[in-house]
Amino acid sequence: MLIKKSLHSRISDVDLKNLSFGSELSDHMFYCAYRQGCWQRPKIKPLEPLTLSPAASVFHYGQAVFEGMKAYKDENGDVFLFRPQENIRRLNRSAERLNMPSFSEEIFLEGLSKLVDLDRHWVPQGYGQALYIRPFMIANEAKILASSSREFLLMIICTPVNTYYSQSLRIKIEQEYSRATQGGVGFTKAAGNYAAAFYPTRLANEQSYDQVLWTNSPTHDRIEESGTMNAFFRIGNQLITPVISDKILGGITRKSLIELASHDGIEVQERELTVAELVENLKKGMVKEAFGTGTAVVVCPYKIIGYQGKDFSLPQISDDKSFGLRLKSRLMEIQYNRSEDFFGWRKLVKSSFTVG
Ligand SMILES: *Cc1c(COP(=O)(O)O)cnc(C)c1O
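Residues numbered from 1 in each chain as written. Predicted model: local features only at pLDDT ≥ 70, side-chain atom pairs only at ≥ 80, totals over all residues. Heavy atoms only, no water.

Visitor: Explanation requested: the site of the ligand in the structure shown.
Guide: The local shell around the ligand holds 14 residues, among which Lys-189, Tyr-194, Glu-225, Thr-253 and Thr-295 are the closest. Here Thr-228 contributes a backbone N or O atom positioned 3.4 Å from a nitrogen atom of the ligand. Thr-253 places a side-chain nitrogen or oxygen 2.6 Å from an oxygen atom of the ligand. In isolation the ligand has 390 Å² of accessible area, and contact with the protein removes 96% of it. Contributions of two or more residues to the shell around the ligand are made by strand 13 (229–235) and helix 5 (252–263). Per-class residue counts for the shell around the ligand are four nonpolar, six polar and four charged. (Near = heavy atom within 4 Å. Polar contact = N/O pair within 3.5 Å; in protein donor to acceptor, adjacent residues only side chain to side chain. Areas by Shrake-Rupley, 256 points an atom, 1.4 Å probe, with all protein chains shown as cover. Helix = DSSP H or I, 4+ residues; strand = E, 2+ residues; numbered from the N terminus. Nonpolar A, V, L, I, M, F, W, Y, C, P; charged D, E, K, R; others polar.)

Visitor: What exactly am I supposed to notice about the pattern of salt bridges here?
Guide: Side chains bearing opposite charge may pair, as long as their charged atoms lie close to each other. Taken as a whole and judged by the stated rule, the model has 23 salt bridges. Here Glu-75 and Arg-338 are joined by a salt bridge, their closest N and O atoms 3.3 Å apart. Here Glu-75 is found in the loop between strand 6 (69–73) and strand 7 (79–82), whereas its partner Arg-338 is found in the loop between helix 7 (323–335) and strand 19 (346–348), with 263 residues between them in sequence. Using a relative accessible area of 45% as the deciding quantity, one classes Arg-338 as partly exposed. With a closest N to O distance of 2.9 Å, Lys-255 and Glu-86 form a salt bridge. With Lys-255 in helix 5 and Glu-86 in helix 2 (residues 84–97), this residue pair connects regions lying 169 residues apart in the sequence. (Salt bridge = Lys/Arg side-chain N within 4 Å of Asp/Glu carboxyl O. Buried < 20%, exposed > 50% of the residue type's maximum accessible area, 1.4 Å probe, protein only.)

Visitor: Would you explain the domain arrangement of the protein in this entry?
Guide: Interface size is often expressed as the accessible area that is lost when the parts come together. Here the protein is described as being made up of domain 1 (2–162) and domain 2 (169–317). A C-alpha centroid distance of 28 Å is found between domain 1 and domain 2. Here domain 1 meets domain 2 over a buried area of about 1,500 Å², counting both sides, of which 60% is carbon and sulfur. Our count for the domain 1 to domain 2 interface comes out at two salt bridges. At the junction of domain 1 with domain 2, the criterion picks out 10 residue pairs in polar contact (both at pLDDT 80 or more). (Domains from an automatic or database assignment. Buried area = accessible area lost by both parts, 1.4 Å probe.)

Next up, the structure:
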């Protein structure tokens, strides 16, 4: 791996206490090009703009996939990643579905660790703060012909993020638009999935909802995901989350919370949840809480679920009684090295560059 350090860190220009999500990128980037059937030598280099042909396939056919993960700093200044192998495996699953080449898990993990190590002073210290890491792969062959690109770039960029404090949201059961279809790309982090979600989300925003709760296509009678998060509902004392399928993205937060819940004696059912069952339980006041899960906020509680123009309010629940918030703090304690890592999820980023 070729490593070229930046001569001047931009960190002194950045106010780590006042960050807006993802606007300040760290000093370095990981960069690897694929051409003539092979990944070339990977590099870590100072962050710089890309030069691409306007004919690069990513612009025309949307061959692009990404990942989202974080690095966390503990009280001693040690930096940790959380289940990073899950991210490269998922990136490769996404890539395969979009006819893009897979990338070596080992080289990815090595490059990621070196990059985060080099930019470790960009990892903000403080519970809830983190360095958000964005690996992504794009198709960059310059040809207008509508067929798969044969050239690709894999990059990793990083941005410090402040406590992504989550307010409770108002969500709307979406029954017109769909995020995913059977046999489609819903299970991948394809860039286009996000593009396709922006318009229905804007319409929901105009109706005073923060996010949409996606249902299946074309019948819209089963719950799938919420916005860009996996959805959990607590009916009575059971947590229910839809089963992973080709229409539902396998979130690493979802998977980790399920493991933590069973460890804590909270029953989680991974099963189909119909809109009818959810609405019936909302009417009976049996839905005790509902939340979305994802890397950005871990758990995002909902306060209102809108269905066909009617808003159902979820009960106020104290933090210690909430399954969602209890699981969130369990997970964060592991991420920030504040509790024992029973599951072996934390990965220390070793320091190999001495800061002068
Ligand atoms: C990224 C993503 C999630 C959450 O995945 P995590 O690994 O938990 O961050 C859930 N749903 C969709 C559609 C996503 O893109």
